[in-house]
Amino acid sequence: MYRQIVILTGAGISAESGLRTFRDQDGLWEQHHIEDVATPEGYERDPLLVERFYNSRWQQLHSGDIEPNPAHLALARLEQEFDGELLLVTQNIDDLHERAGSRRMLHMHGELSKGRCPRSRQTFVLREPFGEDNCCTCCIPAQRLRPHVVWFGEMPIGMDRIHDALDHCDLFIAIGTSGTVYPAAGFVDSANHHGAQTVEVNIMPMERNSHFQIHLQGKASSVLPRLIE
Ligand code: BV8
């Protein structure tokens, strides 16, 4: 049947694990303006505000209350059972896919569990919240770590690998994403252009839902286990 699958996930797949999405009711951006917390200019202007924004998400993720849900587990099972090529691309910066068992994956918008040296760009596992004492060990003088996160205007991670996978896939599935942020929002067009079947899984139609051939409406944690059976 299918030989090469690309899966794109967004904040909606982690919603049922208790992590807020960006644009749904009481979403993350409602408390903040995007320009203030997810741009290099915002970080330059008010690094403490941006650190507070990411520290609160980091603390929630490491509170012990957040677990992978059946949607994450279904994708990990699919990776284990599928004998073709599979790449999971997530826009999410949480680690729920890894904790569910996914391995053939990449975080195109970075990872909440890592900090980055602003000078060398070396990444470090975050063992404590961002702050003046949390510095790199690769420079003298040590540099204050910034979130290892792709902000607006910054280049997403892994784009060559993603485009190569999209160019050769015969199935593209977008799960729990509003399709409002580029370049991820354009992946469906690339998949369509290369003749792949395109599927969206969402509780409501995405902004670009007309670009998908198949629409599976419902919660990811209900739809995905059935879809991969
Ligand atoms: C770049 C930081 C170039 C991490 C984020 C072309 C046209 C127009 C604009 C642009 C363009 N190209 C570039 C741009 C500018 C910009 C952009 O796209 N702007 C938008 C606002 C128009 N893009 C960029 O700047 C990107 N960079 O292009 O660089 C470049 C080239 C060379 C050199 C240098 C640079 C960078 C984009 C990354 C921005 N960073 N976040 C963080 O804090 O998390 S974006 C942020 O939004 C998150 O990463 C998130 O993943 C992403 C998308 O949101 P979603 O995941 O979709 O979440 P959302 O809340 O929106 O939707 C949730 C969905 O789930 C909903 O549909 C809901 O119905 C559904 N749902 C809810 N519950 C469930 C569910 N579905 C199923 N089951 C459920 N239970």
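Residues numbered from 1 in each chain as written. Predicted model: local features only at pLDDT ≥ 70, side-chain atom pairs only at ≥ 80, totals over all residues. Heavy atoms only, no water.

Put simply, the test is: UniProt positions are given in the numbering used here, feature names are shortened, and annotations may be inferred rather than shown by experiment.
The name given to the protein in an unreviewed UniProt entry is NAD-dependent protein deacylase, with Shewanella gelidii as the source organism. UniProt, in its Subcellular location (unreviewed entry) section for the protein, records the words "Cytoplasm". The Function (unreviewed entry) comment attached to the protein in UniProt states, word for word, "NAD-dependent lysine deacetylase and desuccinylase that specifically removes acetyl and succinyl groups on target proteins. Modulates the activities of several proteins which are inactive in their acylated form."

### Examining the domain arrangement of the protein
Rules: Each domain's extent is set by a domain assignment, obtained either automatically or from a database. For this analysis, residues touch if any pair of their heavy atoms sits within 4.5 Å. Computed with a 1.4 Å rolling probe, the buried area is the accessible surface lost when two parts are put together, summed over both parts. Any Lys or Arg side-chain nitrogen located within 4 Å of an Asp or Glu carboxyl oxygen qualifies as a salt bridge. Side-chain atoms alone can form a polar contact between residues adjacent in sequence; in general such a contact is a pair of N or O atoms within 3.5 Å, and within protein one must be able to donate a hydrogen while the other accepts it. A run of H or I in DSSP becomes a helix once it reaches four residues, and a run of E becomes a strand once it reaches two; helices and strands are each numbered from the N terminus. Note that Gly is not counted as nonpolar here; it falls among the polar residues with everything else outside the nonpolar set of Ala, Val, Leu, Ile, Met, Phe, Trp, Tyr, Cys and Pro and the charged set of Asp, Glu, Lys and Arg.
Domains assigned within the protein are domain 1 (1–19 + 67–109 + 156–229) and domain 2 (20–65 + 110–149). Computed from C-alpha coordinates alone, the two centres of domain 1 and domain 2 are separated by 25 Å. Taken together, the contact pairs 20 residues of domain 1 with 16 residues of domain 2. Carbon and sulfur atoms supply 56% of the area buried between domain 1 and domain 2, which totals about 1,300 Å² over both sides. When the buried surface of domain 1 facing domain 2 is broken down by residue, A11, L19 and I93 rank first, second and third, together holding 43% of it. Summed over the shared surface of domain 1 and domain 2, the number is zero salt bridges. Counting every contact that joins domain 1 to domain 2 gives three residue pairs in polar contact (both at pLDDT 80 or more). Among the elements of the structure, α1 (12–15) and α7 (96–100) are those that each provide at least two residues to the side of domain 1 that touches domain 2. Its residues placed into classes, the side of domain 1 that touches domain 2 shows seven nonpolar, eight polar and five charged.

### What about the packing of aromatic side chains?
Selection criterion: What counts as a ring pair is set by centres within 6.5 Å for rings of Phe, Tyr and Trp (its six-membered ring), and what kind of pair is set by the plane angle: stacked under 30 degrees, edge-to-face over 60, tilted for all other angles. The cut-offs for exposure are 20% and 50% of the maximum accessible area for each residue type, with area from a 1.4 Å probe on protein chains only; residues under the lower value are buried, those over the upper are exposed, and the others partly exposed.
Following the criterion strictly, the structure yields four aromatic pairs and no others. Judged by centre distance (5.2 Å) and plane angle (40°), the ring pair of Y43 and W151 falls under tilted. Of the two residues, Y43 is situated in helix α4 (residues 40–45) and W151 in the loop between β6 (146–149) and α8 (159–168); the sequence distance between them amounts to 108 residues. On the accessibility criterion, W151 (3% relative accessible area) is buried. Look at F172 and F212: their rings are 6.3 Å apart centre to centre, the planes differ by 20°, and that puts the pair in the stacked class. Of this pair, F172 sits in strand β7 (residues 171–175) while F212 sits in the loop between β8 (197–202) and β9 (214–217), placing them 40 residues apart in sequence. There is no split in this pair, since F172 and F212 are both buried. Here the aromatic cluster, defined as three or more aromatic residues joined through ring pairs, consists of Y43, F53, Y54 and W151.

### Comments concerning the sheet that holds strand β4 (residues 110–116)
Applied cut-off: In short, DSSP must find at least two bridges between two strands for them to pair. An axis is simply a line fitted to the C-alpha atoms; with a helix, the fit covers only the stretch in contact. Between two such axes, the angle follows the N-to-C directions and lies from 0 to 180 degrees.
Overall, antiparallel pairing links the three strands, which are arranged β5-β4-β6 in an open sheet. Each edge of the open sheet is held by one strand with a lone partner, namely β5 (123–125) and β6. Adjacent strand axes in the sheet meet at a mean angle of 55°, parallel and antiparallel pairs treated alike. Judged from the three bridges that link them, β4 and β6 form a sheet pairing that is antiparallel. Paired with G110 across the two strands is V149, which belongs to β6. Running over the sheet, helix α5 (residues 47–61) touches β4 and β6 and is turned about 120° from β4.

### Re the pattern of salt bridges
Inspection of the entire model under this criterion finds seven salt bridges. Here D83 makes a salt bridge to R3, at a shortest N to O gap of 3.4 Å. Taken as a pair, D83 in the loop between α6 (70–81) and β2 (85–90) and R3 in the segment before β1 (4–9) lie far apart in primary sequence, 80 residues in all. Taking the shortest distance from any N to any O, the salt bridge between R144 and E51 comes out at 2.8 Å. Pair noted here: R144 is in the loop between β5 and β6 and E51 is in helix α5, with a separation of 93 residues, a long-range link. On the basis of relative accessibility, which here comes to 30%, the residue R144 falls in the partly exposed class. When salt bridges with common partners are traced through the structure, they connect E67, D95 and R99 into a single cluster.

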